[in-house]
Each structure stands twice: as C-alpha cells, then as structure tokens.
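# Notes for the structure review
Each chain, letter by letter, is given below.
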Amino acid sequence: MLQRSFFLAYRQLTQRVSKLVAAILGVGVSIILMFMQTGFENALYDSALNVPEALNADIIISAKDFSTLSYVPPWFSRDLVKESSGIDGVESALPFYAFNLQIKNSLMTTAKPIWLYGLPLSGVTLNNPDVIRQMDVIAYPNSVLLDQASRKDFSPIVQDVLTNGRSEVVIPVAGQGVQNTLSVRGLFTLGPTFSVDASLITSDVNFSQITSQPLDRVSFGLVRISPGYNVAEIKNKLQELLGSRAKVYSKSDFILSERLYYQKHTPIGYIFRIGLIVGIVVGIVFILQALHGIISDNMTEYAVLRAMGYQQSFFWMLIGNIAAGFVILAYIPSLIITIFLYRIAAESTQLPINLKLHDAILILMLVVGMGAVSAAVSIRKLRKANPVELFS
Amino acid sequence: MKSGASGSAEQLPISQNGSYSPVVLNGLNYYFGSGEFRTQVLFNNCLNIEPGKLVVMTGPSGSGKTTLLTLLGAIRTLQEGELQILGRDVSTLSEGEIIDLRREIGFIFQMHNLFSSLSALENVQMTCQGDAAEMEQNRSDGIALLKRLGLEKRLNYRPSELSGGQRQRVAVARALVGRPKLILADEPTAALDKVSCLEVINMLKEWANEYGSAVVVVTHDNRILDSADRIVKMVDGAIVSDVVLQEAIQICEFLRKLSIFSNLNNSELSLISEKMKKRPFVEGEVLLQQGDVGEEFFLIRDGEVDVFVDSSKTEILSTGQCFGERALLGDGKRAATIIARKNGLAYVLSKEWFLHAVSTSPNFEMQIKNLYFNK
C-alpha cells in the first residue's frame, strides 16, 4: 500500500512540472529564510562566545554584578584573584582585562568600536596560538596585536602589518585631539562580534596605560585547577571563599550564561526566533497551496480510488508522500543555495556564519514537520472526493 | 416476463432457480435531501441479479437508474429496504467493511476517469491493493486483458495519448482485472463510436459468461440492447419492467406455436411474454381445480401435467402447451382440474394482464373468441 501511494504521489507530483517548480520555489524561499535566521542567530552567539571559549581557564571569576561580555565588564579587586590561588587544587589564578574603545587610523574616516584585552605576561590566559607566540611583542610599550578577522574597515591596517610588519592606530578623545597612539605589531585570529568590529590584545601594563585604569582593577580572574581535581568542587570552594564579593563560574557555565543572555535578555534572539517562525509559516502556506492545487487537480481520481475501495489510510499516505516530496525537492536546492549565501554573508560580515550539521538536520526536521502539518490540513479537502459524483 | 424482480417482500439472497445472486434488493427506497426538502427518488424496488448475466438498466433521465447503480456499488448509504451485495447485507456493514466490499466490485464510468499521470497498464494495476505476489499477478492479468482488448501496443501510453475508445477499453480492463463477481457500468458506451461500443459491450458479455460475473450496465444506448441478457426499465424511481430476453424469446416461440396466438405480431407477443411470471411446480401439485374461479393463464415450460374433467383423465399437456385460458374468457369457472405429473416450471399470466392484452389487441380477442365459439 505504501509503495502504491508512493508511486502515485510521485506521478501526481511530477505530472505538472511548471506547478511543481513554482511550489518548490515558494517552499525553497521559506527554507532559505529559516536557514538564514538560524545561521545569523548562530553567528550572533558564536561571535559573542569567541573570547569566552578562548579563555585558558577551568573557572572564571567575575565581579558580583557582572552579567555579560556585551558590555565592559565591571571590575573587581585583583586581591580576590590572588586570594583564589591559595585554595588547594588551584594551579594558577591570573587576571584578565577587557575594555571597550574606539580607534581609527589615517585611512579610516570614522573611529570604530573595538575590544581591548589586557593579558598578564606571567602566564597563558588566552588559548590562541598567534597570541601565545607573540607575547613578547605585546610587552613593548603601546604595542598591540590586531585581530586579522576584523571587519573590512580594518583591512588596511591588517594589510599594513602584513606588508610593513607594523601599523599605527589612534584612540581619539572628543575635544582633545589625539590622545594615544598604538603600534599594531602583530596579528591574531579571533573574529568580530555583532556589535564590535575588531579586537586588540596587549599586555596588562599597556592595557592599564591605554585605559588609564589601575592594574588592581581586573575584569576576570582565570583559574586553572591542578590535574586530578574536580572543577565543580573547586568552584564551590572558591565561591565559598569569595562569598558575595564575586561570582564564580565554571568555564562551561560562563559560556552558557553568555549564550542565555542573548537568547533570553536581548531582543536579538527573540527576533531571530520570530524570523524562524515566519519562515515556517510561509513554508506551510506554500506547501498547503501546492497540496491544495494537486488535490484539486486530481479530485476526480481520488473519488475513483474511493470507489475502488481504498481506505482513508491510503489517502494519508498519498498526501503525506506528496508533501514529503515537496519538502525534499525544495530542501536539497535550498541547502545548496544556503551554503552559497552563508559564504557571501560570512565574507561580508566576518561573522562565523557556517552551516552546521545539527542545524541542517534541525531544519530538515522542521520542514518535514511543516509538510506533515500541511498534509494534515489538506487531507480534509479530500472529503470532497465523493465517488457518487463520478456517476452521470 | 418477470424474472427475479417482483413486488414480493420475501426475496432471498439466492435466485429462484436456487443459484447464488450477487445482487438482491428488496423494498428499496431512497430519498434526497432532508426535512421539508426530503424527496423520494426510488420507490419500493426489488431486483435479484444472477451471476453470469449482462443486465441492461434503462429508462428516461431522472428515473433513478444511476442512483440505484450507486446503491448497488455501496457508494451511497442504504436508507430503507434490504440490499445484499455479493452475499453481504449492506445494512449491517461498517464504513470500513463497505469500503472493503467495493474492492470486490468493478466500476466503469462514463468518462472513463483514468489516472491521467499513469500509463494504461499502471491504471489497471491501481486496482490491486494486495502484496507483491498479488501485484505481480495483477500486472500479468492486466497485460493479458489489455492485449485482449487490442491495446498491446498502448500499454505504456498515458490517457492523453489514447483515443476515447482506447481509454474506455482501459477503463474496462481496470474494472475486470480483479475478476470481480459484480461489475457496474455507468453509460460505458455513451461517448464511443459503434465499433468501440461493440468491443466494450462484447468484452463485458464475454467476461460475464467466462467468469460468471454479474454485469449491470446503466445506459441510454440502444446499440447494446442486443447483447443484454436482461433489460430492466425504470421510470420515476421504480422498476417498471424486467425482461430476461432469452426467456422472453422462448416464451414468444411457445406462444407463436399455440394456435390461439399464432396470428399475433412480435410486439403483441413480447407484451404478453413480458408480463408472465415463472412458477415452479412439483409432482402431484394441483395447479387448477375444476369449478374454481379462473385467475391465471398457464404456459408449460418444463414438465407435464394431467388434465382431469369430471374425475376422468382426458389428456396430458407438456412443454409449450397452455391451459387456464377458457375460464378467463368464458364463465370464469375452471372447466378441468390440472395436476402436475412431475416437477416442472410454468409461465403464468394474470387474468388482469390476459384481459388487458385481449382488450388492446382486437385481432387477438377475435381469434380467441372464434376459437372458443367453434369448440
């Protein structure tokens, strides 16, 4: 029976090619819309998580009122970091500094927002090979490394560094002319976020000078634990030690917290989800329209099937197969187009817009679900297939 | 003459000659609409269709033929009366069982209604809902049928690539391939030329003879009447005549050989034959009693009867001979007692129709009266 329904579905689906192509285009647009929403949403989260994921830490300490890395993190005393290193099982506890600035160079018309990160030279705080390799470079006064995955506005600087080994940027202050000149003496790869176009990395001392912030005001404390110790246990001990003076996260909790911030506390995640829902609704409408078209075209034939003694289950299978045919025929080209569009978008924004297998599977499941919903709605139309009307 | 159809409310799922009947309907009424708009369209219809026969159902438009056909196909819901299809009482079947029942019925529609996206062979194969082995059997049967219908070079053609006659032949093959015991056809030849029409109807006739299927054809097409075994006529929602042609011809031949009917023309003879009913009798049965009031005219089809006048046996009557006519025309009293010598079958005409025939045929009336004046 399934084989029979599959065969008839295939024939009815492919009988009118122009209608089929029109329907596939419509469904395909909705699938691409869903892919773009998902891709952009992932890019938002992934770009925001570049730095948290690169932190060389098992446990992260933040100020008690810290909520997200979207903004300059509130500072807390470096003494808390030092205090943490006294706990049994803590291998190292290092400070990490982060600040938001605007910089420009002679080739840029306006200043652009960047993140400036300050790293202590006494240890590895960022798991980035380029940074680790160039720790001696950032020890020089006013020396910084620039993220070569920054947005295109920073391409001339990157090019300058690649060509001449260094480039200069300035930190403008309104009404005071040029305040500080930084020497970009190396590159690393991290990637921008949605809101910030580039990142600079320097030593903690340079960071202090550039931002005029004392070194005992740290953004984060990065704790490595000794082999054989349990992260959760050490985290609890640290939280007990620091009490209400600071927050203590495991690294995975920190990353999750950052992701949840975007998902729950900003309109961005909500907007992307709405976009996804719109894609689903548009897709259902197109599939419904196409199914209704096919059912209307073949209503007499369905009445014949009823007269021939085909049970309702056959019609479920038939319409289900037609709907499945629609979504699969629409999904495959949509996937290919999506890969192409992702590449264009990633190149234009420097955001990590990549097709992930689980997203491809998720959207395939959503599309199959759309087909199932459409089939369930359309099957009601089949009630009009009355074999009595076959008789003159 | 009347066959299985009658006004009797005691129809059985088997026919009068004891064979299985694919269709038995009794006291069938049907209504369209509901409430104050409810209109009766079928009135107390009774019919018993035997296997192996091609039954043509005819009558003016709006007479209820198609409504009756859809009831026979279990496509409409039974409202009033008894309906047995292929041995099953439709009134007791669930919706699923009714759908299953339809699988055992072959349908042929006026507009062929083939699946436009499928080839001729694939259309035929759509009737099979069984497993792989059944499908393979269905496929080979389908090919054989299409070849038999002259479509061996069109097996893979879609309906749009076939002529009207070829499409209808595919539709016939589709209806026949499962060897259903009941085939229902709605105006199957209406859109066909003479050659195609004969091909289609001959195929149905052959199939009925070969596989014992009962074939019911609703039609206005006079070209197919010659092929019918039986013609059922409907007027205003009721079966008004039900003629088994072979028997009617046989009755006419019997009547023509009787001196009292020898001068009747074909039309008059067929009128009489149409109104005659079968009546089986058994050995020793008293068919007429001398002195009783005469109500029926008898024509012996099979068997023999003894004639007794005043307790003396005067003669033996056998196949093709008649009795009972004198009382209907004379003083109304039976002049003899008639007792069956062995089991047999008689055709019986009621006094009402006998006198009706007499009154509408002066030639006939005069012959009979002369006959009895001269006796």
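Residues numbered from 1 in each chain as written. Chains lettered and ligands numbered in written order. Predicted model: local features only at pLDDT ≥ 70, side-chain atom pairs only at ≥ 80, totals over all residues.

### A look at the overall build of chain A
When its secondary structure is counted, chain A shows 13 helices and 11 strands. Relative to a compact globule of 392 residues, whose C-alpha radius of gyration would be 21 Å, chain A shows 29 Å and is clearly more extended. Along the three orthogonal principal directions, the C-alpha set of chain A runs to about 95 × 50 × 35 Å. Long-range contacts, defined here as pairs at least 24 residues apart, represent 79% of the contacts in chain A between residues at least 6 apart. (Helix = DSSP H or I, 4+ residues; strand = E, 2+ residues; numbered from the N terminus. Rg over C-alpha atoms; globule rule 2.2 N^0.38 Å. Contact = placed C-beta atoms within 7 Å.)

### Section: the overall build of chain B
Within chain B, the secondary structure is distributed over 11 helices and 18 strands. For chain B, buried positions account for 43% of its 375 residues. For chain B, long-range pairs separated by at least 24 residues make up 71% of all intrachain contacts whose partners lie at least 6 apart in sequence. (Buried ≥ 20, exposed ≤ 12 C-beta atoms within 10 Å, placed from the backbone.)

### Brief notes about the packing of helix H2 (residues 17–48) of chain A against helix H13 (residues 357–378) of chain A
Residue and element names in this part refer to chain A. The geometry of H2 relative to H13 is characterised by a closest axis approach of 11 Å and an angle of 145° between their N-to-C directions. Considering only the axes of H2 and H13, their crossing is right-handed. Judged by residue contacts, Ile31, Met34, Phe35, Thr38 and Asn42 of H2 engage Asp359, Ile363, Leu366 and Val367 from H13. For the contact of H2 with H13, a count of residues per class yields 6 nonpolar, 2 polar and 1 charged. (Axes fitted to C-alpha atoms, helices over the stretch in contact; angles between N-to-C directions. Left-handed = near helix turned anticlockwise from the far one by under 90°. Nonpolar A, V, L, I, M, F, W, Y, C, P; charged D, E, K, R; others polar.)

### So, the pairing of strand E9 (residues 230–235) of chain B
All names here are of chain B. Going residue by residue along E9, you find Arg230, Val232 and Met234 tucked away on one face and Ile231, Lys233 and Val235 left uncovered on the opposite face. As paired strands, E9 and strand E10 (residues 238–244) are joined by 6 bridges and run antiparallel to one another. If you follow Met234 over to E10, its bridge partner there is Ile239. (Pairing = 2+ DSSP bridges.)

### Notes on the nonpolar core
Counting residues in hydrophobic clusters, the biggest one holds 110 residues, and the most contacted among them are Ile287 and Phe326 of chain A together with Val172, Leu204, Val215, Val216 and Val217 of chain B. Considering every element that reaches this core, the biggest residue donor is helix H12 (residues 312–349) of chain A, with 11 residues. The next biggest cluster of nonpolar side chains, apart from the first, holds 52 residues, and it includes Leu80, Leu119, Leu146 and Val223 of chain A. (Core = buried A, V, L, I, M, F, W, Y, C linked by C-beta atoms within 7 Å.)

### A short note on the confidence of the model for chain B
Close inspection of predicted coordinates is inappropriate for parts of the model with low pLDDT. Residues and elements named next belong to chain B. Considering every residue of chain B, the mean pLDDT works out to 84; 89% of them sit at 70 or more. When pLDDT is averaged over each element of chain B, strand E17 (residues 337–340) comes out on top at 94 and helix H11 (residues 362–373) at the bottom at 55. When the criterion is pLDDT under 50, residues 1–18 qualifies, and its contacts beyond four places in sequence or with other chains add up to 46 contacts. (pLDDT = per-residue confidence, 0-100.)

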